[in-house]
Amino acid sequence: MAVKKREKDLTFLEKIYIPEIVKGLSLTLKNMFRPKFTLKYPEEKFIPPASYRGRPVLVLEENGEERCVACGLCSRVCPPLAIEVQAGETEREKERYPEKFEINMIRCIFCGFCEEVCPEEAIVMSKDYELAFSNREDAIYGKDKLLVPVHQLQDRINFLRSYK
Amino acid sequence: MTILELIVTTLVKIVIILTLMLLTVSYLVYFERRVSAWAQNRLGPNRVGWEGVLQPFADVFKLLLKEDIVPTNANKTIHALAPMLALFVAFTTYAVIPFGPSIRIFGLTVPLVVADINIGILYILALTSLGVYAITFAGWSSGSKYSLLGGIRSSAQMISYEISMGFSVGGVLLLSESLRPLAIVNSQGAWLWNAWIQPIGFITFVVSAFAETNRLPFDLPEAEPELVGGYHTEYSSMKFAGFFLAEYANMIVASAFIITLYLGGYNLPFININSIGLPEWLTVIIQIATFCVKMGALLFFFIWVRWSLPRFRYDQLMSLGWKVMFPLSLINIIWVAALIMIFKI
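How each quantity is defined
Residues numbered from 1 in each chain as written. Chains lettered and ligands numbered in written order. Predicted model: local features only at pLDDT ≥ 70, side-chain atom pairs only at ≥ 80, totals over all residues. Helix = DSSP H or I, 4+ residues; strand = E, 2+ residues; numbered from the N terminus. Contact = placed C-beta atoms within 7 Å. pLDDT = per-residue confidence, 0-100. Axes fitted to C-alpha atoms, helices over the stretch in contact; angles between N-to-C directions. Parallel < 35°, antiparallel > 145°, perpendicular 65-115°, else oblique. Left-handed = near helix turned anticlockwise from the far one by under 90°. Nonpolar A, V, L, I, M, F, W, Y, C, P; charged D, E, K, R; others polar. Pairing = 2+ DSSP bridges. Core = buried A, V, L, I, M, F, W, Y, C linked by C-beta atoms within 7 Å. Buried ≥ 20, exposed ≤ 12 C-beta atoms within 10 Å, placed from the backbone. Expected span 1.5 Å × (residues − 1). Bend = angle between axes of the 7 residues up to and from the residue.

**Some thoughts on the overall build of chain A**
Counting its secondary structure elements, chain A contains six helices and six strands. Traced from its N-terminal end to its C-terminal end, chain A shows the element sequence α-α-β-α-β-β-α-β-β-α-β-α. Each of the three principal axes of chain A carries a C-alpha extent, and together these read 85 × 45 × 35 Å. Restricting the contact set of chain A to residue pairs at least 6 apart, pairs at least 24 apart contribute 73%.

Structure (structure tokens):
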């Protein structure tokens, strides 16, 4: 059997353990008084950084119109086929808008492809991570839940622009 | 003191100590969880009650409601007997530990120790080594290889550490010239603790006590990463709780034993409390409080060590026990004998 050689022989002090034990104990003692990482969750909430991919949402412009033009690229790229878009026509400047825009949050895998592929920056990942629902119908988010005013999403939009 | 008075006072003491012991044990579990959390920069259980103080009760309640599963291969009688034996040993050992001086109450002089017997130290050594039977029984009767390995390890560990433990106690006995725990406490006086006189014996005894209580770094009978749960793998519900409580009760007994033998028992350090002329009831209260503080510090030390040091490998444990601890405890006896030769003759 090949005997593996030690990279470094232990010194006498290391061999009698006790100074090393004292070192280890003092390290844990120091850590006991360091600030804690735990958040007291329901009272204190975690505020994610801009790079966080939470629930995908649609951008609602300042004038109350949605930015989405219902091109359907997001639903096309979506790996788990969670997005369903139905386009409609309007008299407004943009001409097209989504009549129906649904994301099935049971299917969504938070990959962020929809946001990456979107030519209009109309669908972005928000910081929203509390997504509990008690039945399957509630899990399908329609336009009422998806539209979020643009100023709430500015952080993420800036992040996307700086990395594109 | 008549026989009746003796029986009544002893019963009262037993009830008080058992209640306190159970409470301390359950809070020790809570304390351990909090301290381990602090050591890892977490908060620990802080939801049930104020800062989680009701957590022990929630734990016990949960365990009570769990299904009690006995494996088909198990030897049912011994399987049920093992946790009871563990608890029995853990709780009865405390009977001979003095936690305060004698008090005068209703015209009676009551020593604050359940049984003030002449062979207290022998009694403790005998009972604590009985504790290994609980673990071995549990391991053997479960009909599971992990449990069996845990049981075997525990008996091997117990044999190798009991010797150094006994020899370290020998050093103390040379000085106190008595096996009575009260006499040992009094022989140390206010500041001449055995821990100062025989530091080597103190260290070997503390290490052996860790091994004896199966606490990390010597928790080989449990060794979660290798043996699932060791000897209590096949236990659930209150039988598991029995082992769990016994482990913590053993910690309390071990720290009480260390305090009695090496840290001056219930005596206040550096001050001779009987000479400053406080009222008697205050003296008693201060001495009991001293005992509790020492106990708390030692229990914290137990927990602190658990969350700092890694577990020993099996062969390392054996070589430490036989090649290091055993000779060291012998050296300690020679050292104490030499001190007696020089200073007392």
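**Some points on the confidence of the model for chain B**
Put simply, chain B has an average pLDDT of 83, and 98% of its residues get 70 or more. Scoring the predicted complex yields pTM 0.81 and, for the interface, ipTM 0.72.

**A few points about the packing of helix H1 (residues 3–39) of chain B against helix H11 (residues 280–306) of chain B**
Residues and elements named next belong to chain B. Running from amino to carboxyl end, H1 crosses H11 at an angle of 50°, the nearest separation of the two axes being 10 Å. Considering the angle they form, H1 stands oblique to H11. Every pair of crossing elements has a handedness; the one defined by H1 and H11 is right-handed. Along the contact surface, H1 presents Leu28, Phe31, Glu32 and Val35, while H11 presents Leu299, Phe300, Ile303 and Trp304. Partitioning the contact of H1 with H11 into residue classes produces seven nonpolar, no polar and one charged.

**Observations concerning the interface of chain A and chain B**
Each partner contributes to the interface: chain A provides 11 residues, whereas chain B provides 10 residues. Classifying every residue of the side of chain A that touches chain B by side-chain character gives five nonpolar, four polar and two charged.

**Brief notes about the sheet that holds strand S6 (residues 147–149) of chain A**
All names here are of chain A. An order of S4-S1-S6 is seen for the three strands of this open sheet, with the pairing classed as mixed. Of all strands in the sheet, those with a lone pairing partner are strand S4 (123–125) and S6, marking the two edges. When the angles between neighbouring strand axes are averaged without regard to direction, this sheet yields 55°. Here strand S1 (residues 56–60) pairs with S6 via three bridges, running parallel. Among the inter-strand pairings, Val59 is bridged to a residue of S6, identified as Val148.

**Observations concerning the nonpolar core**
Residue and element names in this part refer to chain B. If you look at the biggest cluster of nonpolar residues, it comprises 82 residues, and the most contacted ones within it are Ala249, Phe257 and Ile258. Among the elements that line this core, the one with the most residues is helix H10 (residues 237–262), at 17 residues. Contact partners of Ala249, with chain neighbours within four places excluded, come to Met21, Val25, Ala90 and Phe91.

**Quick notes on helix H5 (residues 145–176) of chain B**
In this model, H5(B) (32 residues) spans 46 Å end to end at C-alpha, consistent with the 46 Å of a helix rising 1.5 Å per residue. In the structure, H5(B) departs most strongly from a straight axis at Tyr161(B), where the bend amounts to approximately 25°.

**Details of the pairing of strand S3 (residues 96–104) of chain A**
All names here are of chain A. Note: strand S2 (residues 83–89) against S3, seven bridges, orientation antiparallel. Note that in S3 the partner of Ala87 across the bridge is Pro98. The antiparallel pairing of S2 with S3 creates a hairpin that spans six residues between the two strands, and Glu95 there sits at a positive phi of about 70°. Pairing of S3 with strand S5 (residues 140–141), which is carried by two bridges, proceeds in the antiparallel orientation. Looking at the pairing, Asn104 lines up with Ile140 of S5.

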